[in-house]
Amino acid sequence: MRLRLVRRDTASRMAMIAAPVAALVLSCLASLILFALLGKPAGAALYALLLKPFLTWYSFSEVLLKMTPLLLIAQGLAIGFRANVFNIGAEGQFIIGAICASALPVWYPDGAVPMMLPAMIVAGALGGMAYALIAAVLRTRFGASEILVTLMMSLIAVQILNYLLLGPWKDPRGFNFPQSVMFPGNALLPILLPGTRTTIAFAFALIASALAYLMMQHHFRGYQLRTAGLAPRAAGYAGFNAPGMVLLSLALGGLAAGLAGASEVAGPLGQLQRSVSSGYGYAAIIVAYLGGLNPIGIVASSFLISVIYIGGDSATVSAALPVAAVEVFQGFLLVFYLLTFTSIRYRIEVASPQGSGAR
Amino acid sequence: MSALEFLLAGTLAAALPLLLAALGEMVVERTGVLNLGLEGMMALGAVIAFICVYHSGSHILGFAVAALVSAAFAMIFAGLVLGVRANEVAAGLAIGVLGLGLSALFGKTYESQTIKGLPDFGLPLLSNIPVIGPTLLTQDLVVWLTIIGTVVLWYVLNKTKLGLIITAVGENSVAARAIGYPVVAIRCAAVAFGGAMCGLAGAYAATVYTPLWADGMIAGRGWIALALVVFGTWQTGRVAFGAVLFGLLSIGQLSVQAMGVALPSQLLSSLPYLATILMLVVISRRRMSLG
């Protein structure tokens, strides 16, 4: 008698929920052990990381603020991931979006441009999209791996940002800090929740989630994208346009990341800074997977990751944890999620000597 | 020291962490696996090596422990990708993030601490050659060992049966399995080797190149190493050439600034990535036209 792993044909709905929950529990356990080994107050750290953000209205609103870029980017990325198009350069598309959106207020710091804010948002979204489309064209035209190209493009985007902020776009009265001028009032997004920093970009992110849901679950285009991911050859026989799928995936991913970049400079930052992204583009990949690449799941996972970000800030004070603890926790989450989610897709079967049940 | 001497003396040391990590990843990719977690594995190796050298004073111990820990860490990736067949891009990024976080967490109490590096020494006789003798031919022990190691790796990959098996597993895993090679075990070993090489690369960066602990000290070298594998088209010699070129570029940036040339340093920093995209387009295009 032998035991063997057999892949299930479809992941059950229960598994979609059970996997992230199990990953969260395992990450908590692993972090508790790690923090305790390092001599940190493990209980206090976890309390700060996961519960403290809910204790005041302001810290909760900060969670929603943090959630905005993560949710936007992850919704865009997940569309591509489901079609097996691996855009891992959202970081770069975010930065280019932030740069494109900043051009107008940097050139006209007195705000003397009609329709300043809408123009900035459009410029940011289109900039991010154009940047992602470079990788799409190199993939469809020459077959260059979009994984590596988008990654390289991200690293180049960081250098473009550095060049602008250390050179032509540096605030002349900024004490030599690598940041742009502060934007005028008409270049800033309206606040959504009074008394907080949460802007209407949060509403954009929720609308984008609804659109992603409608497209992926109820539109023929979403069906084509999902088929391209699950069964590329079937998609080919069905005559679905493969290059078109790559272009669409990267365009939407770049658009969402660019929009998120624009919302960040026109939102909580109010200027272009070197740390404009603080790793949102990479964290959003974790968010997308943790949400099961499902538009509704991503809303939940982006919320969870934002809670950890805000909790991490308070943990640095109350539990003397370095900021890196947040990164460690995120890393654990993704590792355990990949483990639990893929494990749930298998079931253990007793293989009979005749070998029935083998594939 | 003239700019030329500065370049001759510093290029190999700057190239070394890139070369070590890239050679490891090259072997991984040759077996048909892509591990994007280089940056994290290097950062973990760096902090482990630094802590070992800080407390023991032994570089040998530091390098050995860093290699072992990073190889063990890479086994998380192997378990996810080869074990439960999780998505390879996501798994690579996961251990990348985790490695960076662990590195910062472990290194927290060592911030700004320094240790002793390794002495440089010249090759007998050859180091008497003017100009290149005291510069290019005077390096630390790790550089000399890595040059020997690179030649050995080239030999193993290109002239031995093991090298042939690795190629077979990467190019046609179904056929390799049919012949009876343990595909998963070979890939697993390659991932462990890649992890160990990243550990060594991190150890060199943290305990020899700049023997001082600062968070984020890997500073994107893992990404450059990843680019280097593509730039070198998965060939040992070309990867080594690329590493020297990228090393020269990073050192050259300093001397260009020192000479006051009005070339934005960001452009030089971007060159490895631009060159890699170009190379990727050229080789992919050739592969496409071959069918």
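Below you will find a few notes about this structure. Keep in mind that this is a model prediction, so the values were computed, not measured. Residue positions are given per chain, counted from 1 along the sequence in the order it is written. Chain letters start at A and ligand numbers start at 1, both assigned in the order the entries are written. This being a predicted model, a pLDDT of at least 70 is required before a residue's local features are given, and a value of 80 or more before pairs of side-chain atoms are given or counted; all residues contribute to the totals for chains, interfaces and linings. Hydrogens and water molecules were not included; the side-chain quantities draw on all heavy atoms of the structure.

### Digging into the overall build of chain A
Part 1 of the reasoning: Looking only at helices and strands, chain A features 13 helices and two strands.
Part 2 of the reasoning: Note on method: radius of gyration uses C-alpha positions; expected globular size equals 2.2 Å times residues raised to 0.38. Its C-alpha radius of gyration of 22 Å places chain A within 12% of the 21 Å reference for a compact globule of 359 residues.
Part 3 of the reasoning: Principal-axis analysis of the C-alpha atoms places the extent of chain A at approximately 80 × 55 × 35 Å.
Part 4 of the reasoning: For each residue, the accessible area found with a 1.4 Å probe, counting protein chains only, is set against the maximum for its type, and the residue is called buried under 20%, exposed over 50%, and partly exposed in between. Out of the 359 residues belonging to chain A, those deemed buried represent 54%.
Part 5 of the reasoning: Every residue pair with non-hydrogen atoms within 4.5 Å of one another is taken to be in contact. The long-range share in chain A, meaning contacts at least 24 apart out of those at least 6 apart in sequence, stands at 79%.
Part 6 of the reasoning: As displayed, chain A has an accessible area near 15,200 Å², and 68% of this comes from carbon and sulfur atoms. What counts as a helix is a DSSP run of H or I of at least four residues, what counts as a strand is a run of E of at least two, and both are numbered from the N terminus. Note on areas: these come from Shrake-Rupley sampling with a 1.4 Å probe, and a residue is covered only by the protein chains present in the view.

### A closer look at the overall build of chain B
Part 1 of the reasoning: The secondary structure content of chain B amounts to eleven helices and two strands.
Part 2 of the reasoning: Going from N to C terminus, chain B has its helices and strands arranged as α-α-α-α-β-β-α-α-α-α-α-α-α.
Part 3 of the reasoning: Taking 291 residues into account, the globule formula puts the C-alpha radius of gyration at 19 Å, and chain B, at 19 Å, falls close to it.
Part 4 of the reasoning: Overall, chain B is about 60 × 45 × 40 Å in size when its C-alpha atoms are taken along their principal axes.
Part 5 of the reasoning: Taking all 291 residues of chain B together, the buried fraction comes to 55%.
Part 6 of the reasoning: Relative to all contacts within chain B whose residues are 6 or more apart in sequence, the contacts with residues 24 or more apart total 75%.
Part 7 of the reasoning: Surface summary for chain B: the accessible area is close to 12,300 Å², and the carbon and sulfur share equals 69%.
Part 8 of the reasoning: Seen as two clouds, the 13 positive and the 10 negative side-chain charges of chain B have centres 14 Å apart. For the purpose of charge, His is not counted, nor are the chain termini; Lys and Arg are scored as positive and Asp and Glu as negative. Note that the charge is assigned to NZ on lysines, CZ on arginines, CG on aspartates and CD on glutamates.

### Digging into the interface of chain B and chain A
Interface size is commonly expressed as the accessible surface area that is lost when the partners come together.
Part 1 of the reasoning: Counting residues at the interface gives 39 residues for chain B, matched by 44 residues for chain A.
Part 2 of the reasoning: When two parts are brought into contact, each loses some accessible area as probed by a 1.4 Å sphere; the total of that loss over both is the buried area. The contact between chain B and chain A buries some 3,600 Å² in all, and 84% of this surface belongs to carbon and sulfur atoms.
Part 3 of the reasoning: Side-chain atoms alone can form a polar contact between residues adjacent in sequence; in general such a contact is a pair of N or O atoms within 3.5 Å, and within protein one must be able to donate a hydrogen while the other accepts it. At the boundary of chain B and chain A, one finds two residue pairs in polar contact (both at pLDDT 80 or more).
Part 4 of the reasoning: Every element with two or more residues in the side of chain B that touches chain A is listed here: α3 (59-83), α4 (88-107), α9 (221-231) and α11 (265-290) of chain B.

### Things to note about α4(B)
Residue and element names in this part refer to chain B.
Part 1 of the reasoning: Multiplying one less than the number of residues by 1.5 Å gives the expected span of a helix. Over its 20 residues, α4 extends 28 Å from the first C-alpha to the last, a length consistent with the 28 Å expected when each residue adds 1.5 Å.
Part 2 of the reasoning: Buried residues dominate α4, accounting for 17 of its 20 residues.
Part 3 of the reasoning: One side-chain oxygen at the N-terminal end of α4 lies 2.9 Å from the backbone nitrogen of Val89; it belongs to Asn87.

### Details of helix α6 (residues 146-166) of chain A
Part 1 of the reasoning: Here α6(A) contains 21 residues, and its C-alpha end-to-end distance of 30 Å stays within 8% of the 30 Å for a straight helix at 1.5 Å per residue.
Part 2 of the reasoning: Within α6(A), 17 of the 21 residues are buried, which leaves it mostly tucked inside the rest of the structure.

### Remarks on the packing of aromatic side chains
Residue and element names in this part refer to chain A.
Part 1 of the reasoning: Planes of paired rings set the category: under 30 degrees apart is stacked, over 60 is edge-to-face and the rest tilted, where pairs are Phe, Tyr or Trp rings (Trp by its six-membered ring) whose centres lie within 6.5 Å. Taken as a whole, this structure holds 19 aromatic pairs over all chains when the rule is applied.
Part 2 of the reasoning: Pairwise contacts between aromatic rings join Phe54, Trp57, Phe60 and Phe303 into one cluster.
Part 3 of the reasoning: Over the face of the ring belonging to Tyr309 we find Lys66, whose NZ or CZ atom lies 5.1 Å from the ring centre. Both a distance and an angle decide whether a charge sits over a ring: NZ of Lys or CZ of Arg must be within 6 Å of the ring centre and within 35 degrees of the ring normal.

### Focus on the pattern of salt bridges
All names here are of chain A.
Part 1 of the reasoning: Salt bridges are defined as contacts in which a side-chain nitrogen from Lys or Arg sits within 4 Å of a carboxyl oxygen from Asp or Glu. As enumerated under the stated definition, the model contains two salt bridges over all chains in all.
Part 2 of the reasoning: Between Glu62 and Arg197 there is a salt bridge, with its nearest N and O atoms 2.9 Å apart. Of this pair, Glu62 sits in helix α3 (residues 57-82) while Arg197 sits in the loop between α6 and α7 (201-218); the two residues are 135 residues apart in sequence, bridging distant segments of the chain.
Part 3 of the reasoning: Of the residues examined, Glu62 reaches a relative accessible area of 12% and is grouped as buried.
Part 4 of the reasoning: The class of Arg197 is partly exposed, set by a relative accessible area of 36%.
Part 5 of the reasoning: Linking Arg139 and Glu146 is a salt bridge whose minimum nitrogen-to-oxygen distance equals 2.9 Å.

### Quick notes on unusual backbone geometry
All names here are of chain B.
Part 1 of the reasoning: With phi around 55°, Arg85 is a residue other than glycine that occupies positive phi space.
Part 2 of the reasoning: As for its position among the elements, Arg85 is in the loop between α3 and α4.
Part 3 of the reasoning: The class for Arg85 is exposed, based on a relative accessible area of 51%.

### Here we look at the packing of helix α1 (residues 3-30) of chain B against helix α5 (residues 141-159) of chain B
Residue and element names in this part refer to chain B.
Part 1 of the reasoning: One can describe the packing of α1 onto α5 by two numbers: an axis separation of 11 Å at closest approach and a directional angle of 25°. The angle between α1 and α5 falls in the class roughly parallel. Judged by the twist between their axes, the crossing of α1 over α5 is left-handed. Touching Leu12, Leu16, Leu19, Leu20, Leu23, Met26, Val27 and Arg30 of α1 are Val142, Val143, Thr146, Thr150, Leu153, Leu157 and Asn158, all from α5.
Part 2 of the reasoning: Counted by class, the contact of α1 with α5 contains eleven nonpolar, three polar and one charged residues. The angle between two axes is taken between their N-to-C directions and runs from 0 to 180 degrees, where each axis is a line fitted to C-alpha atoms and a helix contributes only its stretch in contact. In this scheme, roughly parallel covers angles under 35 degrees and roughly antiparallel covers those over 145, while 65 to 115 is roughly perpendicular and the rest are oblique. Here a crossing is called left-handed whenever its near helix is offset anticlockwise from the far helix by less than a right angle, and right-handed whenever the offset is clockwise. Classes in brief: Ala, Val, Leu, Ile, Met, Phe, Trp, Tyr, Cys and Pro nonpolar; Asp, Glu, Lys and Arg charged; the others, Gly included, polar.

### Quick word on the environment of Leu98(B)
Part 1 of the reasoning: Its location among the elements puts Leu98(B) in helix α4.
Part 2 of the reasoning: Residue Leu98(B) is classed as buried on the basis of its relative accessible area of 3%.
Part 3 of the reasoning: In this structure, the C-alpha to C-alpha distance between Leu98(B) and Gln253(B), residues 155 residues apart in sequence, is 31 Å.
Part 4 of the reasoning: The residues touching Leu98(B), leaving out its near neighbours within four places in the chain, are Val328(A), Gly331(A), Phe332(A), Val335(A) and Phe73(B).

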